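This is what each chain is made of:
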Protein chains: 2
Amino acid sequence: MPRLRPETVDARRTAILAAARRAFARYGYEGATVRVLEAETGLSRGAIFHHFRDKESLFLALAESDARATAAVVDGGGLIEAMRRLPERDAGWLGVSLEVSRRLRTEPAFRDEWQRRLDSIRQSAEHRLVSAQHGGTVRDDVAASTLVTFLRLVHDGLVVHLAAGTPDADIDAVLDLVERTVRKDPCADLQREQS
Amino acid sequence: MPRLRPETVDARRTAILAAARRAFARYGYEGATVRVLEAETGLSRGAIFHHFRDKESLFLALAESDARATAAVVDGGGLIEAMRRLPERDAGWLGVSLEVSRRLRTEPAFRDEWQRRLDSIRQSAEHRLVSAQHGGTVRDDVAASTLVTFLRLVHDGLVVHLAAGTPDADIDAVLDLVERTVRKDPCADLQREQS
């Protein structure tokens, strides 16, 4: 294989990742065979696996990059903000996310490895919520950890619906409801005062 | 193949379905090959496909029976009741449910067929909520259809978490929060009176 210039290497890695994402989303992890990956990338297996050790490395590179992107959104704006951005995600992003869920279910070794990443997103979200509870903008009659579990369930349900193409016309209204549920309710204080 | 008595036919169908459920949950739809189904049922392919036309019929029989069971719970107790019962479900039930989601995503023909069943569960849930809004037990500042979408997202997220073995210690507390979110809030009236 001829030596490529560094910027060409990067461009090629990016192109391979984009093509692999389409393949994983459409055929699933097992279904995206090396032959499918060759067809989707337009490259030989030798060229593909020059950049990524194997199919597993390719999948992990995608899933890790997505997990980092989600973590950055959660750090900056919280889990609800991450949910508001989900409908913009393409089918490839959603497909990889669902493949991660499936592999968590069927592959214990993958689960042990991946659980650490999920824990770190959870901790970041929980930290934000605890601060907001202290700041008085998030309700404190429910534990921050419970609020995080609640938000993660809605988030993961939304990924399933968007990926399946479930026709939910009112996602914005639902996310408004979710946001109000987590927010400090001025009524609760009112009620406490009256009782 | 010798003729079996009707009760033996029923028992055998039930046994095949239980074995197929384990196979689909563990290997996914594609991974549960005819060979895997033979090993799991302890029967020959001839015996299996004497009772079910093909693998697709076997999968649909399971998915339909699960959809009917969910519809019955929703009819009787609503979507939150259906969620409270999810943690009792075994891995086989959750696995089939996730395979339905995956096939909704990757197979348009399956989606068209299945969407009608999902629509009917949605209608039943929405009908219950509209009645409860009129009865004053469910909040009416949010459309019943939005409440149903909200509950379905939490439901489907919970299926993903339970199937993946995500360690959520506080599912009961989350479902209490979800129930309070849907319930008519006495505070809202209080606030309206004061303003």
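Our subject is the structure listed above.
Residues numbered from 1 in each chain as written. Chains lettered and ligands numbered in written order. Predicted model: local features only at pLDDT ≥ 70, side-chain atom pairs only at ≥ 80, totals over all residues. Heavy atoms only, no water.

Focus: the overall build of chain A
And then number 1: When its secondary structure is counted, chain A shows 10 helices and zero strands.
And then number 2: Shown N-terminal to C-terminal, the secondary structure of chain A runs as helices and strands in the order α-α-α-α-α-α-α-α-α-α.
And then number 3: Along the first, second and third principal axes, the C-alpha atoms of chain A reach 75 × 35 × 35 Å.
And then number 4: Considering chain A as a whole, with its 195 residues, one finds that 50% of them fall into the buried category.
And then number 5: For chain A, the accessible area works out to roughly 9,600 Å², and carbon and sulfur atoms hold 50% of it. (Helix = DSSP H or I, 4+ residues; strand = E, 2+ residues; numbered from the N terminus. Buried < 20%, exposed > 50% of the residue type's maximum accessible area, 1.4 Å probe, protein only. Areas by Shrake-Rupley, 256 points an atom, 1.4 Å probe, with all protein chains shown as cover.)

Brief notes about the relation of the copies chain A and chain B
And then number 1: Note on the identical chains: chain A maps onto chain B by a rotation of 180° and an axial translation of 0.0 Å, with an RMSD of 0.0 Å. The two molecules are tied by a two-fold rotation axis, judged by turn and shift. Taking C-alpha positions as reference, the residue of chain A nearest the rotation axis is G157(A), located at 1.9 Å.
And then number 2: Comparing interface residues between copies, 100% of those in chain A also sit at the interface in chain B, which points to an isologous, same-surface contact. (Least-squares fit on C-alpha atoms with pLDDT ≥ 70 in both. Contact = heavy atoms within 4.5 Å.)

With respect to helix α2 (residues 34–41) of chain A
An α-helical segment advances 3.6 residues per turn. Residues three or four places apart therefore align on the same side.
Residues and elements named next belong to chain A.
And then number 1: Listed in full, the buried residues belonging to α2 are V36, L37, E38 and T41.
And then number 2: Where α2 is buried, its residues touch α1 (6–31), α3 (45–51) and α4 (55–77).
And then number 3: In the stretch just after α2, G42 is the one whose phi turns positive, near 75°.

Observations concerning the interface of chain A and chain B
And then number 1: Contacts between the two partners involve 47 residues from chain A and, on the opposite side, 47 residues from chain B.
And then number 2: Taken together, the two surfaces of chain A and chain B that pack against each other cover about 3,800 Å², and 64% of this comes from carbon and sulfur.
And then number 3: Along the contact surface separating chain A from chain B lie two salt bridges.
And then number 4: The closest approach of N and O atoms between R122(A) and D168(B), which form a salt bridge, is 3.8 Å.
And then number 5: At the boundary of chain A with chain B, the tally comes to eight residue pairs in polar contact (both at pLDDT 80 or more).
And then number 6: For the side of chain A that touches chain B, the element with the highest residue contribution is helix α8 (residues 144–164) of chain A, accounting for 15 residues. (Buried area = accessible area lost by both parts, 1.4 Å probe. Salt bridge = Lys/Arg side-chain N within 4 Å of Asp/Glu carboxyl O. Polar contact = N/O pair within 3.5 Å; in protein donor to acceptor, adjacent residues only side chain to side chain.)

Observations concerning helix α4 (residues 55–85) of chain B
And then number 1: Taking 1.5 Å of rise per residue, 31 residues should cover 45 Å, yet α4(B) covers just 28 Å from first to last C-alpha, more than 12% shy of that figure.
And then number 2: The sharpest bend along α4(B) reaches about 125° and sits at G77(B). (Expected span 1.5 Å × (residues − 1). Bend = angle between axes of the 7 residues up to and from the residue.)

Remarks on the packing of helix α5 (residues 91–106) of chain B against helix α6 (residues 108–135) of chain B
Residues and elements named next belong to chain B.
And then number 1: Two elements in contact, α5 and α6, have axes whose closest approach is 7 Å; the angle formed by their N-to-C orientations is 125°. Viewed along their axes, α5 and α6 adopt a mutual orientation that is oblique. Crossing geometry of α5 relative to α6 is assigned as left-handed. Facing α5, whose interface residues are V100, R103, L104, R105 and T106, α6 presents P108, F110, R111, W114 and L118. (Axes fitted to C-alpha atoms, helices over the stretch in contact; angles between N-to-C directions. Parallel < 35°, antiparallel > 145°, perpendicular 65-115°, else oblique. Left-handed = near helix turned anticlockwise from the far one by under 90°.)

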